[in-house]
Amino acid sequence: MSKKELRKKYAQLRKTLTSDQVEEYSLQIANQALKLDIWEYSNYHIFLPIERHNEVDTEYLLHILQGKDKNIIISKSNFDDFSMSHYLLTDQTKIINNEYGIPEPHEEGIRITDQQLDVVFVPLLAVDKFGNRVGYGKGFYDRFLKKCKPGILKVGLSFFEPLNNKIDVNDEDIKLDYIVTNQNAFKVVSNLI
């Protein structure tokens, strides 16, 4: 299947999930993520879910990060150049939905650079077992991850198990290091192609 076909298929599959399923699976994903060896770092970038797209609810991961006293970083999207700017999430941070339904910090606060990040939780529609992902097709995360320091850990969160067949990729695509679903959490084996 092409990326376009996968995008359509998995967006449709996600639409079939009830709000109870989204909540239950999101909690299971957070619990599965605890099995990974990613918790010794300081700066964790997390996405806030677009509710109308039934994205993984990262509230449970936020609670884990807060409980571990980690720095939590969220982004603001720029649709003019498809870039993202990052801000430390604090008690004073006001979150509002932008015109695309993406929850973002309303007023700019403490700015965090791409290079300061240690771990990034990455949204996706579909993923293969090799760490190749399909997102919404705008390239926000691929552009952002290219700017991060070498060795940054990229953790994909999905309601669906990874595909066995390799997703067709191009030079702009950045592979994930870990994949977490409601049933599994594992490190991607890089020598699998």
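## Notes on a negative patch on the surface
Then, in step 1: Taken together, the side chains of Asp20, Glu23, Glu24 and Glu59 make up a negatively charged region of the molecular surface.
Then, in step 2: No other element matches the three residues that helix α2 (residues 19-33) contributes to the negative patch.
Then, in step 3: The residue Glu24 is located in helix α2 in this model.

## With respect to the pairing of strand β3 (residues 83-88)
Two faces belong to every sheet, and in a regular strand the side chains alternate between them.
Then, in step 1: Among the six residues of β3, six are classified as buried, and the element is accordingly described as predominantly covered.
Then, in step 2: The alternating pattern of β3 places Ser83, Ser85 and Tyr87 and Met84, His86 and Leu88 on opposite faces, both of which are buried.
Then, in step 3: In the sheet, β3 pairs with strand β6 (residues 111-112) via two bridges, with the strands oriented antiparallel. By the bridge assignment for β6, His86 is matched with Ile112.

## A look at the nonpolar core
Then, in step 1: If you look at the biggest cluster of nonpolar residues, it comprises 55 residues, and the most contacted ones within it are Ile38, Trp39, Leu61, Phe121, Val155 and Leu157.
Then, in step 2: Here this core takes five residues from helix α3 (residues 59-67), the largest share from any one element.
Then, in step 3: In contact with Leu61, not counting residues within four places along its chain, are Ala30, Ala33, Trp39, Ile46, Phe121 and Leu157.

## A few points about the environment of Val22
Then, in step 1: Within the secondary structure, Val22 sits in helix α2.
Then, in step 2: Taking C-alpha positions, Val22 is 6.7 Å from Asn54, a pair spaced 32 residues apart along the chain.
Then, in step 3: Dropping the residues within four chain positions of it, Val22 is found in contact with Leu17, Asn54, Glu55 and Phe159.

## Overview of the packing of aromatic side chains
Then, in step 1: Tallied over the full model, the rule gives eight aromatic pairs.
Then, in step 2: Judged by centre distance (5.5 Å) and plane angle (65°), the rings of Tyr10 and Phe160 are edge-to-face. Taken together, the residues Tyr10 in helix α1 (residues 3-15) and Phe160 in the loop between β10 (153-157) and β11 (178-180) connect sequence positions 150 residues apart.
Then, in step 3: Overall, Tyr10 belongs to the buried group, its relative accessible area being 7%.
Then, in step 4: Judged by relative accessible area, which is 17%, Phe160 ranks as buried.
Then, in step 5: Between Phe79 and Phe140, the ring centres sit 4.9 Å apart and the planes meet at 65°, which makes this aromatic pair edge-to-face. With a gap of 61 residues between them, Phe79 in the loop between β2 (71-78) and β3 and Phe140 in helix α4 (residues 140-147) connect regions that are remote in the sequence.
Then, in step 6: For Phe140, a relative accessible area of 11% puts it in the buried group.

## Section: empty space enclosed by the protein
Then, in step 1: Using the criterion set out here, one finds one cavity of 30 Å³ or more in the structure.
Then, in step 2: The calculated volume of the largest cavity comes to roughly 40 Å³.
Then, in step 3: Along its surface, the largest cavity is lined by Arg14, Val56, Leu124, Leu125, Leu157, Ser158, Phe159 and Phe160.
Then, in step 4: In terms of residue class, the lining of the largest cavity is built from six nonpolar, one polar and one charged.

Scoring rules and cut-offs
Residues numbered from 1 in each chain as written. Predicted model: local features only at pLDDT ≥ 70, side-chain atom pairs only at ≥ 80, totals over all residues. Heavy atoms only, no water. Patch = residues over 30% accessible without salt bridge, like charges linked within 9 Å, V, L, I, M, F, W, Y side chains within 5 Å. Areas by Shrake-Rupley, 256 points an atom, 1.4 Å probe, with all protein chains shown as cover. Salt bridge = Lys/Arg side-chain N within 4 Å of Asp/Glu carboxyl O. Lys, Arg positive; Asp, Glu negative; His and termini not counted. Charge placed at Lys NZ, Arg CZ, Asp CG, Glu CD. Helix = DSSP H or I, 4+ residues; strand = E, 2+ residues; numbered from the N terminus. Buried < 20%, exposed > 50% of the residue type's maximum accessible area, 1.4 Å probe, protein only. Pairing = 2+ DSSP bridges. Core = buried A, V, L, I, M, F, W, Y, C linked by side-chain atoms within 4.5 Å. Contact = heavy atoms within 4.5 Å. Phe/Tyr/Trp six-rings, centres within 6.5 Å; stacked < 30°, edge-to-face > 60°. 1 Å grid on protein atoms, 1.4 Å probe; cavity = no way out; pocket = protein on both sides within 12 Å on 5 of 7 lines; lining within 4 Å. Points joined across faces, edges and corners; volume = space filled by probe spheres on them. Nonpolar A, V, L, I, M, F, W, Y, C, P; charged D, E, K, R; others polar.

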